[in-house]
Every structure is written in C-alpha cells, then in structure tokens.
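# Overview (structure and organization)
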Amino acid sequence: MTVSVVFAVSCDTSNGGSQEAAAASAPASVPVPSHMLGTDSPTPARTSASAGASSAPSAAVPKVKVRDAFAGLQATLKEACTPSNCAYFLGRVHDELHRLDRAMKTDPKGAGHFPEPIALIKALDTELRGDRSFENLKKHQTTLLHTRDRINTWMQGHPDDYR
C-alpha cells in the first residue's frame, strides 16, 4: 500500500500567495512508507546484502553523528509493542540500532571506540539472519529490545560519546 501526501506552503507574494500557484510548484507526491502510518503492515524485508551494507558508509546514506543516532534510539525507550503499532515499533528499534551502528563505524574516534555496541548489533543481525520482516522481529522481540537496552546502558556509561 502506498499513500501519497502533498503539502504546499507558499510565502511568495509575487503570485498573490495563491494556493493554486503553491500547489503547482509542489512535488506531485511524496510516498509515505506503510510503517509510518501506524499499521501492522511491515516494511519490505531486507536481504542479507542490504543488511551487510549497513557496515559500510554509502553516498546515499547521510552521515549521522553518534549523539543524534543515540537520541533516536533513546526515543524508543518509552514506546512499546502494542497491537496498533507493534510492526512500526519493532521496525523502528531495528532501524535506530542500525543507524547508531553506522554512526559508530563512521565516527572520527573509529569503530574500535565502540566495541560492545557494535558487537551487540552484529550478534542481533546474526540471530535475525537478515530477515527484517515483522514476523521475524516479533519472534526475536526479546533479543531486539535487550540489545537496545544493553546499548543504552553502555552509552550511559560513556557520556562523552553523545553529548
């Protein structure tokens, strides 16, 4: 399922600020992934090739600072897997862990500065076997959340890495 959302805002007074002119200059549509809609429809499963790609920086993936990635992971701490958002929540935890993994591996301090979190994410990936489907994340929910919590604890012991 693909949903398109169009937002148009115009502050330009040269066209009178008309909504028609603003809509004409806006992109035709912006796809919204189904996991962003709060449904239990999982996002497409990642293949093992794309799972391995998270270890190498890519020109298509913007570089993120460790503190920003860690803040994203911490934002999941007060959320839970409820019937209405479980697929979104587990997918988000998975994505935030991998965002943090990429940030740690590209940090100027070097990947060796973050041995435990990187090892924990690698162990999680081994257990998931490249399958990011909701069914597999749900099956490994305890491991997924335990990994998040252990990394949170490790990072709390290294405040210079995220402040």
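To be clear, the structure that these remarks concern was listed above.
For the structure given in this document, a descriptive report is provided here.

Quick notes on the rules
- Residues numbered from 1 in each chain as written.
- Predicted model: local features only at pLDDT ≥ 70, side-chain atom pairs only at ≥ 80, totals over all residues.
- Heavy atoms only, no water.
- Core = buried A, V, L, I, M, F, W, Y, C linked by side-chain atoms within 4.5 Å.
- Buried < 20%, exposed > 50% of the residue type's maximum accessible area, 1.4 Å probe, protein only.
- Helix = DSSP H or I, 4+ residues; strand = E, 2+ residues; numbered from the N terminus.
- Contact = heavy atoms within 4.5 Å.
- Axes fitted to C-alpha atoms, helices over the stretch in contact; angles between N-to-C directions.
- Parallel < 35°, antiparallel > 145°, perpendicular 65-115°, else oblique.
- Nonpolar A, V, L, I, M, F, W, Y, C, P; charged D, E, K, R; others polar.

### Describing the nonpolar core
- Membership of the largest hydrophobic core comes to 27 residues, with the highest contact counts inside it found for Leu97, Leu100, Ile151 and Met155.
- Residue assignment for this core shows that the elements contributing at least two residues are α3 (66-74), α4 (86-106), α5 (115-128), α6 (134-139) and α7 (141-156).
- The dominant element in this core, judged by the number of residues it contributes, is α4, at 9 residues.
- Ignoring sequence-local partners within four residues, the contact set of Met155 consists of Val66, Phe70, Met104, Asp161 and Tyr162.

### Examining the packing of α5 against α7
- The contact between α5 and α7 brings their axes to 9 Å, and the two run at 175 degrees. For the element pair α5 / α7, the angle class is roughly antiparallel. Contact residues: Pro115, Glu116, Pro117, Leu120, Ile121, Leu124 and Glu127 in α5; Thr143, Leu144, Thr147, Arg150, Ile151 and Trp154 in α7.
- Here the contact of α5 with α7 is composed, by residue class, of 8 nonpolar, 2 polar and 3 charged.

### Re the environment of Leu144
- Along the chain, Leu144 turns up in helix α7.
- The buried category is assigned to Leu144, whose relative accessible area is 1%.
- Between the C-alpha atoms of Leu144 and Gly91, which are 53 residues apart in sequence, the distance is 10.0 Å.

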